[in-house]
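# Summary of structural features
Single-letter residue listing:
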Amino acid sequence: MSGKWWFCLTHLRVEPDEGCPNKDRMGPYETREAAARALQTAAERNEAWREGDRRWDDD
């Protein structure tokens, strides 16, 4: 195993390299904990992008 972790969007769980097809997963992540936070990390990044867009639009 390469030591990479994935978050499976089909089963909503963390998986090692051996798991569902990559098209159904987010990652890879360096740690199991980072993979477990995949959805939260994506939501935080999306909000940061939205905020950047709002600031851009206000200029």
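Attention in this report is confined to the structure presented alongside it. (Residues numbered from 1 in each chain as written. Predicted model: local features only at pLDDT ≥ 70, side-chain atom pairs only at ≥ 80, totals over all residues. Heavy atoms only, no water.)

This part is about the pairing of strand 2 (residues 13–16). Remember that side chains alternate between the two faces of the sheet whenever the strand is regular. Judged from the 4 bridges that link them, strand 1 (residues 5–8) and strand 2 form a sheet pairing that is antiparallel. Residue pairing in the sheet places W5 in a bridge with P16 of strand 2. (Pairing = 2+ DSSP bridges. Helix = DSSP H or I, 4+ residues; strand = E, 2+ residues; numbered from the N terminus.)

This paragraph deals with unusual backbone geometry. The omega angle of the peptide bond from G27 to P28 is 10°, so this bond is cis rather than trans. Secondary-structure assignment places P28 in strand 3 (residues 25–29).

Bringing a nonpolar patch on the surface into the picture now. The grouping of L9, L12 and L39 at the surface amounts to a nonpolar patch, some 280 Å² of accessible area in total. Mapped onto the elements of the fold, L9 is located in the loop between strand 1 and strand 2. The class for L9 is partly exposed, based on a relative accessible area of 40%. (Patch = residues over 30% accessible without salt bridge, like charges linked within 9 Å, V, L, I, M, F, W, Y side chains within 5 Å. Areas by Shrake-Rupley, 256 points an atom, 1.4 Å probe, with all protein chains shown as cover. Salt bridge = Lys/Arg side-chain N within 4 Å of Asp/Glu carboxyl O. Buried < 20%, exposed > 50% of the residue type's maximum accessible area, 1.4 Å probe, protein only.)

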